[in-house]
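Analysis of the macromolecular model
Okay, here's what each chain looks like letter by letter:
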Amino acid sequence: MKKILAAVVSVLLVAAMAVSFAACSKGDPVKVIDVSLSGEPYGYCYDKENKDIEDAINQLIFDLCGSQEFNPEIEGSGSDAKGVLYDYDGDGTPETVTFKDLYEYENGNNPVRTVSALTEVPNGEEDNCLVVATNAAFPPFEDVQGDKFSGIDMQIAQMLANRLGKKLVIRNMEFDVIIKDVETGKSDIGMAGFTISKGREELVTFSNPYYRTSQRIAVLKSETAFDNCKTEADVRAVIEGMGKVKGGAADGQTGYYYLAGSDDFGFEKFENVEIKGYSEIALAVKDLSNGKVKFVVGDRDTINDAVDSINDTL
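Residues numbered from 1 in each chain as written. Predicted model: local features only at pLDDT ≥ 70, side-chain atom pairs only at ≥ 80, totals over all residues. Heavy atoms only, no water.

1. Re the packing of helix α2 (residues 51-65) against helix α4 (residues 152-164)
- With their axes 10 Å apart at the nearest point, α2 and α4 run at an angle of 125° to one another. In terms of their interaxial angle, α2 and α4 are classed as oblique. Two packed elements cross with a definite hand, and for α2 against α4 that hand is right-handed. Packed against α2, whose contacting residues are D52, A56, I57, Q59, L60, D63 and L64, the element α4 presents I156, M159, L160, R163 and L164 at the interface.
- Among the residues forming the contact of α2 with α4, the class breakdown is eight nonpolar, one polar and three charged. (Axes fitted to C-alpha atoms, helices over the stretch in contact; angles between N-to-C directions. Helix = DSSP H or I, 4+ residues; strand = E, 2+ residues; numbered from the N terminus. Parallel < 35°, antiparallel > 145°, perpendicular 65-115°, else oblique. Left-handed = near helix turned anticlockwise from the far one by under 90°. Contact = heavy atoms within 4.5 Å. Nonpolar A, V, L, I, M, F, W, Y, C, P; charged D, E, K, R; others polar.)

2. Concerning the environment of A136
- Among the secondary structure elements, A136 is positioned in the loop between β6 (129-134) and β7 (143-145).
- On the accessibility criterion, A136 (8% relative accessible area) is buried.
- Taking the C-alpha atoms as reference points, A136 and M154, 18 residues apart in sequence, are found 9.0 Å from one another.
- Once residues lying within four places of it in the same chain are set aside, the contact partners of A136 are E142, D143, V144, F149 and N172. (Buried < 20%, exposed > 50% of the residue type's maximum accessible area, 1.4 Å probe, protein only.)

3. Some thoughts on the environment of F149
- Locating F149 in the fold gives a position in strand β8 (residues 148-150).
- Along the backbone, F149 and G248 are 99 residues apart, and their C-alpha atoms lie at a distance of 26 Å.
- When near neighbours in sequence (up to four residues on either side) are disregarded, F149 contacts R113, T114, V115, A136, D143, V144, M154, I170 and N172.

4. Looking at the side chain of E54
- Relative to the elements of secondary structure, E54 occurs in helix α2.
- Within the structure, the side chain of E54 is placed 3.1 Å from the side chain of Y46, a separation counted as a polar contact.
- Those residues in contact with E54 that sit more than four places away from it in its chain are Y46 and T205. (Polar contact = N/O pair within 3.5 Å; in protein donor to acceptor, adjacent residues only side chain to side chain.)

5. A word on the sheet that holds β7
- The strand order β5-β8-β7 describes an open sheet built from three strands, whose pairing is antiparallel. At either margin of the open sheet sits one strand with a lone partner, and together these are β5 (114-115) and β7.
- Pairing geometry for β5 and β8, over two bridges, is antiparallel. Residue V115 lies in a different strand from β8, and its bridge partner there is F149. (Pairing = 2+ DSSP bridges.)

6. Side note on the packing of aromatic side chains
- Across all of its chains, the model carries 22 aromatic pairs by this definition.
- Pairwise contacts between aromatic rings join Y42, Y44, F70, F99, Y103, F138, F141, Y210 and Y211 into one cluster.
- One residue, R113, lies across the ring of Y88, its end atom 4.6 Å from the ring centre.
- Here the guanidinium or amino end of R113 rests over the ring plane of Y105, the centre of that ring lying 3.9 Å away. (Phe/Tyr/Trp six-rings, centres within 6.5 Å; stacked < 30°, edge-to-face > 60°. Lys NZ or Arg CZ within 6 Å of the ring centre and 35° of its normal.)

7. A look at the pairing of strand β2 (residues 40-46)
- In terms of burial, β2 is a largely internal element, seven of the seven residues being buried.
- The sheet contact formed by β2 and strand β12 (residues 211-213) spans three bridges and is antiparallel. Each residue of the ladder has a partner; that of E40, found in β12, is T213.
- Examined bridge by bridge, β2 and strand β10 (residues 189-195) share four bridges and lie antiparallel to one another. Bridge assignment links C45 to a residue of β10, and that residue is G190.
- As judged from the two bridges shared by β2 and strand β11 (residues 205-206), these two strands associate in the antiparallel manner. Residue pairing across strands places Y46 opposite T205, the latter belonging to β11.

Here you go:
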């Protein structure tokens with residue numbers, strides 16, 4: 001009898017835990033409002049005295065992107081790029097790759113292609129290594145896959161190391177400390193989807209722009225307040241009309257400055273928004289799904305990726 005009772009109790013506990021887990025993981029579907037809130041270019045940052053990196057990265061950007069930064073919202077963007085010979089598919093034979101190729105593959109439903117790199121410089125090999133600082137929580141530009149890295153910027157980091165004839169070292173850190181890490185010489189270059197701004201240019205030098213993005217706002221699918229918005233002014237008016245409200249964004253990223261206001265980025269502060277900062281945009285979207293913030297603002301590709309990911313789990 002005791003064994004039977006113990007078995008029954010065990011089954012009930014497992015069932016209770018399953019119900020509890022389901023309740024904890026439950027959230028509501030999320031959507032992205034297809035209105036550009038801003039437009040800004042990405043660049044890679046490095047110390048202005050490092051001419052070898054400057055020349056190599058700018059030539060690499062030109063080869064990958066052509067005469068202007070790649071913009072997926074402009075038809076034919078990147079069509080004048082000659083491309084780079086690079087073994088992107090890992091079959092041992094280099095093929096010609098453009099930024100458009102990288103962008104379309106990394107944004108598609110394709111097997112993940114990874115980059116193997118050291119995480120620290122071996123003793124005595126400082127001159128033989130390219131040290132890249134990143135925040136690998138920003139797909140499709142940088143992400144982590146086990147002990148390897150993935151994403152557009154990480155592939156370009158490997159291309160750059162190849163051109164310089166150096167071993168690739170990738171140091172993964174919080175986004176808002178990368179510029180300081182580069183400024184102090186701990187890393188050679190920052191590659192993390194950085195918007196080029198005047199304030200940042202006072203601390204580090206930026207490459208030529210390689211990509212143009214914009215900010216987007218994500219809300220619950222059941223939220224209808226933004227459905228008729230056609231312009232950034234429309235979105236701003238809706239937010240300002242919500243009264244006191246909580247919005248989410250990633251610390252140090254452009255979406256945070258969009259809500260908090262920034263002379264550097266040219267954004268006016270939302271006086272009615274209490275901003276909750278996150279280490280990555282995916283965590284902000286998760287809180288949005290769980291009703292902890294009213295909306296989230298972030299870079300177009302990364303917020304779309306986070307929304308798709310959270311919806312796939314519901």
